[in-house]
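Inside the fold
One-letter residues, chain by chain:
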Amino acid sequence: MDPFDGPGSPRHEKQEEAGRAESRSRWARFSSWLECACVVTFDLELGQAIELVYPQDVKLTEKEKTSICYLSFPDSYSGCLGDTQFSFRFRQSVGRRTSRLRDDLYNRDAPVTLQRETAHFFGYVYFRQVKDVSVKRGYFQKSLVLVSRLPYTHLFHSLMQTIAPEFFEKHEPCLEAVCNEIDQWPSPIPGQTLNLPVMGVILQVRIPSKFDKPGGSPVRQTAKENLLPVPTLLPTIHELDLFKCFQSILIHLQMLWELTLLGEPLVVMAPSPTVSSETVLALISSISPLKFCCDFRPYFTIHDSEFREYTTRTQAPPSVVLGVTNPFFIKTFQSWPHIVRLGEVKMAGDLPKQVKVKKLSKLKTLDTKPGIYTAYKTFLHKDKILIKRLLKGIQRKRPSEVQSAILRRHLLELTQSFIIPLERYMASLMPLQRSVTPWKTPPQIRPFSQDEFLSTLDHAGPQLTSLLRGDWIGLYRKFFRSPNFDGWYRHRHREMTQKLESLHLEVICDADLLGWTKDKSEVEVVDLILKLREKLIKARRQQLQLRDGVMDKLDSFIASIISSLPADLQIVLSTGASP
């Protein structure tokens, strides 16, 4: 036996790496949508256990497997019989490889709220529990889970409704066939309408783009080819039925919007993982188009790897929104400032019964009644017109999707009224375009001054676009201390810095570079080449939006200048060229 061929040998490791690379390219399209599909079952000896992962060569760490196992089953308090769908979110293990270029290309054009997660996975679950006398416990219990870094809640739950019932009948061959079909799908590209065939159905979806008008209805392209079967059009890939999610807390929507905007620690206690996950995701989406920059867990259990981190009493609760179903959490979260306890929706005549705001001191018993337990006082007044309109809509049997559209429009306008003054002030910090010259480093963006911003509100504040009255300045002051402001500011600052870089490259491209080099020493010319080359590498890495032809013209200039230099310098500069 050749000692260089055994396990652990360099040749063996190279072969394994080559095999992994081939597998990655084999599942490249699949992995642009999903990380993997898992089947989780209940084992009498082991408890929840992963029965199957597909594609089979996907590497999940033990910690990730444990998270998927525990989060894929409702806890025993939920009493979910039949089929149940819900979502969860958990941390990726440190050091996981991702396709950086693919993520950058997608995230560059996607709305910030729909960007690929870099540190977390979403799990989209279809759980079945039915009586089965052939099983020792008397019940068949199994979950099919799609694991993804994309927050496409509606798309993946719709996909599950198509594939899961068939999977429970036909098992592994069915899942293998579905994964192979998904591997034929085009990659999600913001702004495009895609046809996604699966199990004899074609799902037609449009991937939102950051260039879409907020709240607008994008033009839906119809396929030019005559597709059979006729595509099933999904009107959204991510939006939830907001009205259904908020129906028992409608009169407190203003408070919940503020708590989410400010990144306050918030626990949603719900009767099932479905209600828990939908309510948390609805809260997160309520501040769209602003990205929620804190952690959030649509379904959280005592087995979660972050359980101790989030329930310690030695420090203030973290900025996180947790969805839970286990009544044990009532005792655990007594020190948290805001707890939403939801029950089954009850009707008071034609209207869903609205929960009340209660004192935190009343949260001590395990049979705590539904309510919002908080001492929080809102900065803004309630929008009574909206509440009356929604309640009247219930009495008139207005469809839930119409009620949701009214709610979504209200929340969008409220968030935009809050964000527009910030955006306007941020834009004023950008240097003037005429101050960007080819021979100097781009000018700096002026620092953000909270006091200067607040002084602009008298003539350019939210009152220009919102009828809501209240302490807007107090709300902004608190927002400045939240992770959501930090995330928004960093993102906008990065965008503005990249815009300055783009402008600088364009003015360099328009300058007479050859004329500049004529009376310069070799050292100065080489310095220019190295700096230009560095800027071009950075521009390509950051996928900067540039005028057509800028990069090619600068590449040509560098090549022509190098060719005019002495042979020894040409060799040095050629070997240092970027690939």
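The following paragraphs examine the structure supplied in this document. The structure displayed is predicted, hence computed values, not measured ones. (Residues numbered from 1 in each chain as written. Predicted model: local features only at pLDDT ≥ 70, side-chain atom pairs only at ≥ 80, totals over all residues. Heavy atoms only, no water.)

What about the sheet that holds strand β8 (residues 232-233)?
- In space, the three strands of this open sheet follow the order β6-β7-β8, with mixed pairing throughout. The sheet is open, and its two edges are formed by β6 (193-198) and β8, each paired on a single side.
- As paired strands, β6 and strand β7 (residues 201-206) are joined by six bridges and run antiparallel to one another. Pairing of V198 across the sheet is with V201, part of β7. (Pairing = 2+ DSSP bridges. Helix = DSSP H or I, 4+ residues; strand = E, 2+ residues; numbered from the N terminus.)

Looking at the pattern of salt bridges
- Tallied over the full model, the rule gives 26 salt bridges.
- Between R91 and E309 there is a salt bridge, with its nearest N and O atoms 2.9 Å apart. Here R91, found in strand β3 (residues 82-91), pairs with E309, found in helix α10 (residues 307-311); they are 218 residues apart in sequence, far enough to count as distant.
- A salt bridge links R297 to D295; its shortest N-O distance comes to 2.9 Å.
- A relative accessible area of 12% means that D295 is categorised as buried.
- A cluster of three or more residues bridged by salt bridges with shared partners is formed by R89, R91, E117, D295, R297, D304, E306 and E309. (Salt bridge = Lys/Arg side-chain N within 4 Å of Asp/Glu carboxyl O. Buried < 20%, exposed > 50% of the residue type's maximum accessible area, 1.4 Å probe, protein only.)

Concerning the nonpolar core
- Counting 103 residues, the largest nonpolar core has W33, F246, F418, L422 and F448 as its most contacted members.
- Looking at this core element by element, the count peaks at nine residues for helix α13 (residues 400-428).
- Mapping this core onto the domain boundaries places at least three of its residues in each of domain 1 (28-184) and domain 2 (242-404).
- In contact with L422, other than residues within four places in its own chain, are F448, F453, Y476, F479, F480 and W488.
- Counting residues in each nonpolar core, the second largest holds 21 residues, with V526, I529, L544 and L565 among its members. (Core = buried A, V, L, I, M, F, W, Y, C linked by side-chain atoms within 4.5 Å. Domains from an automatic or database assignment. Contact = heavy atoms within 4.5 Å.)

With respect to the environment of H238
- For H238, the position within the fold is in the loop between β8 and α7 (242-246).
- Owing to a relative accessible area of 25%, H238 belongs among the partly exposed residues under this scheme.
- Measuring from C-alpha to C-alpha, the distance between H238 and P208 comes to 9.5 Å, with 30 residues separating the pair along the chain.
- Excluding its chain neighbours within four sequence positions, the residues that come into contact with H238 are L114, P151, T153, H154 and P208.

A few points about empty space enclosed by the protein
- Enumeration over the complete set of coordinates arrives at three cavities of 30 Å³ or more.
- There is about 80 Å³ of room inside the largest cavity.
- Lining the largest cavity are L250, I251, L253, Q254, W257, K382, D383, L386, I387, H410, L411 and L414.
- For the lining of the largest cavity, the elements supplying multiple residues, two or more each, are α8 (253-261), α12 (384-395) and α13.
- As a volume, the second largest cavity reaches approximately 50 Å³.
- Taken together, 10 residues make up the lining of the second largest cavity; nearest its centre are S31, W33, L34, E35 and R149. (1 Å grid on protein atoms, 1.4 Å probe; cavity = no way out; pocket = protein on both sides within 12 Å on 5 of 7 lines; lining within 4 Å. Points joined across faces, edges and corners; volume = space filled by probe spheres on them.)

A word on the environment of P214
- Mapping P214 onto the fold places it in the loop between β7 and β8.
- When its relative accessible area of 38% is taken as the criterion, P214 is described as partly exposed.
- Note: C-alpha distance between P214 and P289 (75 residues apart in sequence) is 7.4 Å.
- If near-sequence neighbours (up to four positions away) are discounted, P214 is found in contact with L412 and Q416.

Topic: the packing of aromatic side chains
- Within this structure, the stated rule accounts for 39 aromatic pairs.
- Relative to F418, the ring of W257 lies with its centre 6.3 Å away and its plane at 85 degrees, an arrangement referred to as edge-to-face. Of this pair, W257 sits in helix α8 while F418 is found in helix α13, placing the two residues 161 residues apart along the sequence. For the pair W257 and F418, one class covers both residues: buried.
- Through successive ring pairs, a cluster of aromatic residues spans W257, F418, Y425, F448, F453, Y476, F479, F480, F485, W488 and Y489.
- Residue placement shows R89 over the ring face of F296; its charged tip is 4.0 Å from the ring centre.
- Between R116 and the ring centre of Y106, over which it is positioned, the NZ or CZ distance is 4.9 Å. (Phe/Tyr/Trp six-rings, centres within 6.5 Å; stacked < 30°, edge-to-face > 60°. Lys NZ or Arg CZ within 6 Å of the ring centre and 35° of its normal.)

Structural notes on the sheet that holds strand β9 (residues 266-269)
- The strand order across the open sheet built from six strands is β10-β11-β9-β12-β16-β15, with neighbouring strands paired in mixed fashion. Looking at the sheet topology across the chains shown, the edges are occupied by β10 (295-297) and β15 (357-358).
- When β9 meets strand β12 (residues 338-341), the two strands line up parallel, connected through three bridges. Its bridge partner lying in β12, V268 is registered against V340.
- Packing of α8 onto the sheet brings it into contact with β9, β12, β15 and β16 (371-374), and relative to β16 it is tilted by some 50 degrees.
- Sheet strands in contact with helix α9 (residues 273-285) are β9, β10 and β11 (320-324), and its direction is about 160 degrees off that of β11. (Axes fitted to C-alpha atoms, helices over the stretch in contact; angles between N-to-C directions.)

Things to note about the pairing of β3
- Counting buried positions over the 10 residues of β3 gives seven, a clear majority of the element.
- As paired elements, β3 and strand β4 (residues 120-131) share 10 bridges and run antiparallel to each other. Along β4, the bridge assignment pairs F88 with G123.

Description of the side chain of S148
- Within the secondary structure layout, S148 lies in strand β5 (residues 139-148).
- What makes S148 buried here is its relative accessible area of 0%.
- Within polar-contact distance, the side chain of S148 engages the backbone nitrogen of L150 at 2.9 Å.
- Excluding residues within four positions of it along the chain, S148 makes contact with W33, L34, E35, F121, F122, Y124 and F156. (Polar contact = N/O pair within 3.5 Å; in protein donor to acceptor, adjacent residues only side chain to side chain.)

So, the state of the cysteines
- Summed over all chains, the structure comprises zero disulfides.
- Unpaired in this structure, C69 has its nearest cysteine sulfur neighbour in C38, at a distance of 8.3 Å.
- For C69, a relative accessible area of 9% puts it in the buried group. (Disulfide = S-S within 2.5 Å.)

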